[in-house]
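If you want the building blocks of each chain, they are given just below.
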Amino acid sequence: MTAQFPEPTPRPVPAGELRASHDDREAVVEQLRDAAAEGRIDLDELDSRLEQALTSKTYAELAVLTADLPKPPASAAQDLPPLVLKGGMYGASRGPGRWEVPGHVVARAGLGGVSLDFTRAECRLAQVVVEAYGETSGVTIVIPDGWAADTTGMAPGFGGLKDKTTSDRLPGTPLIRLTGSGGMAGVVIRHPNKRERRKLAGDARH
């Protein structure tokens with residue numbers, strides 16, 4: 001009779017060996033660029049560290065690149081309360097004027113619908129969770145060119161989800177993580193249309 005031995009318990013993976021995400025790498029890239037702008041590292045060292053940051057696979061590999069740099073101050077935006085927009089009977093909107101983006105936005109369309117425009121917003125966060133519910137009249141979300149959206153956490157519902165954004169995310173820009181449900185009328189997330197682009201260009205000249 002063959003002796004039965006218990007299977008070895010898998011050892012916990014040290015934090016430094018955990019795999020880094022695209023957001024983790026981009027946060028280090030931004031910190032390195034800030035350090036170079038402040039004169040803490042020269043341009044040759046910046047190029048070398050940036051190359052290593054973009055090819056790093058673990059937290060430990062990233063940590064080495066910023067170990068001799070001061071930690072960036074925590075953004076005040078992290079402490080902002082969630083922004084809650086309720087369409088109600090007459091609708092609700094935020095933007096396209098200047099506004100500071102918190103880490104969590106909730107948009108409930110109701111009967112009047114909700115419009116959420118990030119094109120002139122000030123966002124200091126690596127990612128923002130937008131919880132959208134299309135309900136009866138729908139939610140429209142506009143993000144600048146260069147920003148990207150992750151819609152995998154969104155339930156399309158009866159009205160569906162229309163994601164018209166591109167995956168061409170620029171370094172240092174936030175990722176919009178879209179959750180919630182399309183409801184009856186659906187949720188749309190897109191970049192500015194031609195009319196909105198013309199208005200943005202006109203405002204930039206003044």
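Preceding this paragraph is the structure being described.
Residues numbered from 1 in each chain as written. Predicted model: local features only at pLDDT ≥ 70, side-chain atom pairs only at ≥ 80, totals over all residues. Heavy atoms only, no water.

Caption draft 1: Structural detail: the pairing of strand β3 (residues 104–108). Relative to β3, strand β1 (residues 83–86) is paired through 4 bridges, and the arrangement is parallel. Paired with L85 across the two strands is A107, which belongs to β3. Pairing of β3 with strand β5 (residues 127–133) involves 5 bridges; the strand directions are parallel. From the neighbouring strand, A107 faces β5, where its bridge partner is A132. (Pairing = 2+ DSSP bridges. Helix = DSSP H or I, 4+ residues; strand = E, 2+ residues; numbered from the N terminus.)

Caption draft 2: Structural detail: the sheet that holds strand β10 (residues 187–190). Strand order in the open sheet formed by 5 strands is β2-β4-β6-β10-β8, and the pairing between neighbours is parallel. The open sheet has two edge strands with one neighbour each: β2 (92–94) and β8 (161–163). On average, each strand axis in the sheet is tilted by 5° relative to the strand beside it, whichever way the strands run. For β2 and strand β4 (residues 114–117), the ladder comprises 3 bridges, and the chain directions are parallel. Following the sheet pairing, R94 is matched in β4 by L116. (Axes fitted to C-alpha atoms, helices over the stretch in contact; angles between N-to-C directions.)

Caption draft 3: Geometry of unusual backbone geometry. In this chain, G95 is followed by P96 through a cis amide linkage whose omega measures 15°. Note on placement: P96 falls in the loop between β2 and β3.

Caption draft 4: Molecular detail of the nonpolar core. Counting residues in hydrophobic clusters, the biggest one holds 26 residues, and the most contacted among them are F118, V130, I141 and I176. Listed by contribution, the elements that provide at least two residues to this core are β1, β3, β4, β5, β6 (139–142), β7 (148–155), β9 (175–181) and β10. With 3 residues, the single largest contributor to this core is β5. Setting aside residues no more than four positions away along its own chain, I141 makes contact with L116, F118, V130, A132, L178, V187, V188, I189 and R190. (Core = buried A, V, L, I, M, F, W, Y, C linked by side-chain atoms within 4.5 Å. Buried < 20%, exposed > 50% of the residue type's maximum accessible area, 1.4 Å probe, protein only. Contact = heavy atoms within 4.5 Å.)

Caption draft 5: How the structure looks around the packing of aromatic side chains. The full count for this structure, using the stated rule, is 2 aromatic pairs. When the centroid spacing of 5.2 Å and the interplanar angle of 40° are considered together, the rings of W99 and F118 count as tilted. Within this pair, whereas W99 is found in the loop between β2 and β3, its partner F118 is found in the loop between β4 and β5, the two being separated by 19 residues in sequence. F118 matches W99 in its accessibility class, with the two residues each being buried. Measuring from ring centre to ring centre gives 5.8 Å for F118 and W147, while their planes differ by 50°; the resulting arrangement is tilted. (Phe/Tyr/Trp six-rings, centres within 6.5 Å; stacked < 30°, edge-to-face > 60°.)

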